[in-house]
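# Structural overview for review
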Amino acid sequence: MTRQTVTDPAKKNTNRIVAGVCIAFFTGMIGMAYAAVPLYAMFCQATGYGGTTKRATQQYANRVLDRDVAIRFDANTAGVPWQFQPVTRSITIKIGETVQAHYTATNKFDRPVTGRATFNVQPELAGPYFNKVECFCFTDTTLKPGETLDMPVVFYVDPDIVNVPELKDLKTITLSYTMFPVEKNKPVASSAPAASSNEVPDTEANLGG
């Protein structure tokens, strides 16, 4: 006599549910992996974590302190054939004062190139207190062959920085940019970047709102 196995419908439904949950879990893990980098970047810009500067929600600080801090400017390129540098190496400002500084970029390639700047400050603890009002780094920049562009950045240092014990003796903050080619310009990224000059005039940058 042949025995027949009767499958419990409830058990089959349970197995389907378990399988569906597993698939959803692994799909979610893959999605989180792809989203991790942009989400981390957004987190850093919102909080200043890791020395990332913050985008200011207001143009001016609520007060200006009678205390100076030197701001040093740094520029680097990574695969983009530009000469990219600050107009001046450093300026001295009042904490809470809104100021404007300038970088310049020249495209040394024989066709248009689009670049994107990443940025941070040193020391890292100063990141949450370095507020950018306007910056070329907020958008991508496209330069024609041989074109030179003035690239201003408007910022202030939040007066609350003086309440941080580790920064009570802070005298200098370094603002650093690295310019990368935008993804659509992959062939440019594989070419050798143009040598950039490290000599810039040691003059005071333009100050303003």
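My aim in this report is to walk through the structure given alongside it, one point at a time.

Rules used throughout
Residues numbered from 1 in each chain as written. Predicted model: local features only at pLDDT ≥ 70, side-chain atom pairs only at ≥ 80, totals over all residues. Heavy atoms only, no water. Salt bridge = Lys/Arg side-chain N within 4 Å of Asp/Glu carboxyl O. Helix = DSSP H or I, 4+ residues; strand = E, 2+ residues; numbered from the N terminus. Buried < 20%, exposed > 50% of the residue type's maximum accessible area, 1.4 Å probe, protein only. Phe/Tyr/Trp six-rings, centres within 6.5 Å; stacked < 30°, edge-to-face > 60°. Lys NZ or Arg CZ within 6 Å of the ring centre and 35° of its normal. Core = buried A, V, L, I, M, F, W, Y, C linked by side-chain atoms within 4.5 Å. Pairing = 2+ DSSP bridges. Axes fitted to C-alpha atoms, helices over the stretch in contact; angles between N-to-C directions.

On to the pattern of salt bridges, then. Evaluation of the coordinates by the stated rule reveals 4 salt bridges. Here Lys-94 and Asp-66 are joined by a salt bridge, their closest N and O atoms 3.1 Å apart. One end of the pair, Lys-94, is in strand β4 (residues 90-94); the other, Asp-66, is in the loop between β1 (54-55) and β2 (68-77), with 28 residues separating them in the sequence. You can call Lys-94 partly exposed: its relative accessible area is 29%. Where Lys-94 meets Asp-68, a salt bridge forms, and the shortest distance between an N and an O atom there is 3.0 Å. Of this pair, Lys-94 sits in strand β4 while Asp-68 sits in strand β2; the two residues are 26 residues apart in sequence, bridging distant segments of the chain. One salt-bridge network, in which partners are shared between bridges, spans Asp-66, Asp-68 and Lys-94.

Quick look at the packing of aromatic side chains now. For the coordinates displayed, the defined rule picks out 9 aromatic pairs. Summarising the aromatic geometry, the rings of Phe-73 and Phe-155 are spaced 6.3 Å apart at their centres and angled 70 degrees between planes, so their arrangement reads as edge-to-face. In this pair, Phe-73 is assigned in strand β2 and Phe-155 in strand β9 (residues 148-157), connecting sequence segments 82 residues apart. With a relative accessible area of 0%, Phe-155 lands in the buried category. Note that Lys-132 overlies the ring of Phe-119, its terminal NZ or CZ placed 3.6 Å from the centroid.

Of all hydrophobic cores here, the largest spans 36 residues; its most connected members are Ile-71, Phe-84, Tyr-103, Phe-136, Phe-155, Ile-173 and Tyr-177. Those elements giving two or more residues to this core turn out to be β2, β3 (82-86), β4, β5 (99-107), β6 (113-122), β7 (130-135), β9 and β10 (172-181).

Strand order in the open sheet made by the 5 strands is β4-β2-β10-β6-β8, with mixed pairing throughout. Where the open sheet ends on each side, the last strands, each with one partner, are β4 and β8 (141-143). Here the strands of the sheet are splayed against their neighbours by 30 degrees on average, with no regard to which way each runs.

Coordinates in, geometry out; function isn't part of it.
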